[in-house]
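Observations on the model geometry
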Amino acid sequence: MENFVINGGHELFGDVNISGAKNAAVAIIPAAILANDVVRIENIPKISDVSLIIKILDCMGATVKMINSDTIEIDSQALRNKSVPYELASHFRASYYLIGTMLGRFKNAEVAMPGGCDFGTRPIDLHIKGFKMLGADVDIVNGMVCAKAEKLVGTSIYMDNVSVGATINVMLAAVLARGLTVIENAAKEPHIVDLANFLNSMGADVRGAGTDVIKIRGAEKLHGCTYSIIPDQIEAGTYMVAAAACGGDVLVKNVIPKHLESISAKLIEAGAEVIEYDDAVRVTRYKALNKCNVKTMPHPGFPTDMQPQMAVLLSVAHGTSLLSESVWDNRFQYVGQLTRMGANIQVDGKLAVIDGVDELSGVKVKATDLRAGAAMIIAGLIAKGETVIEDIQYIDRGYEDVVQKFAALGADIKRIKTTEAESIVNAG
Ligand code: EPZ
């Protein structure tokens, strides 16, 4: 077991380099097998979700070579159409992209139901609706999603909910289908555009990504390519919020500022200064934080994956802030951990009312999911005293070198190994 130990109260100063986007990488890596060729992918983040998707491809017979620390080469010519077992698929959400890719390439897929952070029910009805409308038979048998089709034929698919995963999965199944597929009410996140650009680099014909309507004209076959993944919008936003919460002066490098506009706007509203450069944003904060209201929305709205981090900043801002979560049913589990640190937050359904307090106090807390874990780091950085964060495996799913990156900005943060006995005692 490992924990993070943080001694709070330090302002942050310096530069931080942002890694490749997790939610783009976990879609683009499985998508590479659609080419049945050799594909090189650069700017891969070193995080456990990426290691897991690479392990799954390896188990299915693809050859994955590490070219250097952030570049892999995938040769999927020997890939076999094997089922993806629960032991692998259940550890994260993105395993369900293998349904779209295996259906797209082999017209047959058998993948265990996905796992992922627990925000309440996380249905996949829109994924299944899309596959069925393209002509597949889809059943869930013993926890396995089984999809097969004689052929896939393009059609118009309306997404009842804006869904990143369903939009991506239909794109993956449609690029080799016959004819035109139109996805209406499509998700517009930066990683959707990144996937579309990657698919087009392999010879697909995907237009409109980043808008509500994506049109995909099926190709006969795809070919290998070399592609570099975009910087991670949420990792960048996490360091931006940390800089504003702690105070100081931080240059967040290797970003696409346009992807960060909603985060920058809210930090300025809360009292920070944000300056945009071509591929960096600078966040400074010297005056007191003030309250602001935040509502999470699909892109280009304020990202739901930045909601816990923003709650920490608002928990020590002057005044009462309203934080509403419009994407997930239950994304406030971390509030119990923050309250133990002295935060004053009332949650009623999808709304959190945050009364700013003067300071938080360091205690032992748990990471309840990936972004909640990132929020606990920010809470520890601003709290008085020592904070110990348990269950940090969640954080390692989505943040590369998080201790090194924060320590380089002046944070007093360490990763420590705990003995099994100590963990049991602590578990009480
Ligand atoms: C992706 O999850 C991200 N994960 C999540 O980030 C992110 O919170 C989410 O998109 C929203 O931006 C990955 O990309 C791996 P959705 P996903 O389908 O695709 C409902 C992180 O921290 N819905 O966009 O699972 C659903 O219940 C993770 O990196 C249906 O009703 O999210 C939710 O209310 C956490 N039916 C809404 O749509 C469906 O078939 C948005 O979900 C699918 C979704």
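Residues numbered from 1 in each chain as written. Predicted model: local features only at pLDDT ≥ 70, side-chain atom pairs only at ≥ 80, totals over all residues. Heavy atoms only, no water.

Here's the deal with the environment of Ile354
- By the element assignment, Ile354 lies in strand S20 (residues 351–355).
- Overall, the relative accessible area of 0% leaves Ile354 in the buried class.
- Considering only alpha carbons, one finds Ile354 and Asn36, 318 residues apart in sequence, at a separation of 51 Å. (Helix = DSSP H or I, 4+ residues; strand = E, 2+ residues; numbered from the N terminus. Buried < 20%, exposed > 50% of the residue type's maximum accessible area, 1.4 Å probe, protein only.)

Regarding the nonpolar core
- Counting residues in hydrophobic clusters, the biggest one holds 85 residues, and the most contacted among them are Ile29, Ile41, Met171, Leu195, Phe198 and Leu199.
- Leaving out residues up to four positions away in the same chain, Ile41 has contacts with Ile28, Ile29, Ala32, Asp70, Thr71, Ile72, Ile74, Phe198, Tyr227 and Ile229.
- Core analysis: the second largest hydrophobic core is formed by 76 residues, Cys117, Ile234, Ala236 and Phe332 among them. (Core = buried A, V, L, I, M, F, W, Y, C linked by side-chain atoms within 4.5 Å. Contact = heavy atoms within 4.5 Å.)

Notes on the site of the ligand
- Taken together, 23 residues sit near the ligand, with Asp125, Ser163, Val164, Asp305 and Val327 positioned nearest.
- Taking Asn23, its side chain carries an N or O atom lying 3.1 Å from an oxygen atom of the ligand.
- One of the backbone N or O atoms of Pro123 is found 3.4 Å from an oxygen atom in the ligand.
- Contact with the protein chains hides 91% of the accessible area of the ligand, taken as 820 Å² for the molecule alone.
- Broken down by element, the shell around the ligand gets its largest block of residues, three residues, from helix H5 (residues 125–133).
- Residue composition of the shell around the ligand, by class: 10 nonpolar, six polar and seven charged. (Near = heavy atom within 4 Å. Polar contact = N/O pair within 3.5 Å; in protein donor to acceptor, adjacent residues only side chain to side chain. Areas by Shrake-Rupley, 256 points an atom, 1.4 Å probe, with all protein chains shown as cover. Nonpolar A, V, L, I, M, F, W, Y, C, P; charged D, E, K, R; others polar.)

Some thoughts on the sheet that holds strand S15 (residues 273–276)
- Spatial ordering of the open sheet is given by S2-S14-S16-S15, a layout of four strands whose pairing is mixed. A strand with exactly one partner marks an edge of an open sheet, and here the two such strands are strand S2 (12–17) and S15. Ignoring which end each strand starts from, the neighbouring axes of this sheet average 10° apart.
- The pairing of S2 with strand S14 (residues 248–253) spans six bridges and is classified as parallel. Across the sheet, residue Gly14 finds its bridge partner in S14, namely Val250. (Pairing = 2+ DSSP bridges. Axes fitted to C-alpha atoms, helices over the stretch in contact; angles between N-to-C directions.)

What to know about the layout of surface pockets
- Estimates place the volume of the largest pocket at around 1100 Å³.
- In terms of residue class, the lining of the largest pocket is made up of 21 nonpolar, 12 polar and 13 charged.
- Computed from the structure, the second largest pocket encloses a volume of approximately 290 Å³.
- Together, 18 residues line the second largest pocket, and Ala245, Arg285, Val316, Asp358 and Ile382 are the ones closest to its centre. (1 Å grid on protein atoms, 1.4 Å probe; cavity = no way out; pocket = protein on both sides within 12 Å on 5 of 7 lines; lining within 4 Å. Points joined across faces, edges and corners; volume = space filled by probe spheres on them.)

Describing the packing of aromatic side chains
- A full pass over the atoms with the stated rule returns five aromatic pairs.
- On the numbers, 6.3 Å between centres and 50° between planes, the contact of Phe332 with Tyr334 is tilted.
- Taking relative accessible area as the criterion, Tyr334 reaches 1% and is therefore assigned buried. (Phe/Tyr/Trp six-rings, centres within 6.5 Å; stacked < 30°, edge-to-face > 60°.)

Details of the pattern of salt bridges
- This model, assessed by the stated rule, comprises 21 salt bridges.
- Its salt-bridge partner being Lys414, residue Asp412 comes within 3.1 Å of it at the nearest N-O pair.
- Under the relative-accessibility criterion, Asp412 is labelled partly exposed at 24%.
- Assessed through its relative accessible area of 47%, Lys414 is described here as partly exposed.
- Three or more residues are tied together by salt bridges with common partners; here these are Glu2, Asp396, Arg415 and Lys417. (Salt bridge = Lys/Arg side-chain N within 4 Å of Asp/Glu carboxyl O.)

Observations concerning the packing of helix H1 (residues 22–31) against helix H2 (residues 48–59)
- Interhelical geometry of H1 versus H2 gives an angle of 5° and a closest axis separation of 10 Å. For the element pair H1 / H2, the angle class is roughly parallel. Judged by residue contacts, Lys22, Ala25, Val26, Ile29 and Pro30 of H1 engage Asp49, Val50, Ile53, Ile54 and Leu57 from H2.
- In terms of residue class, the contact of H1 with H2 is made up of eight nonpolar, no polar and two charged. (Parallel < 35°, antiparallel > 145°, perpendicular 65-115°, else oblique.)

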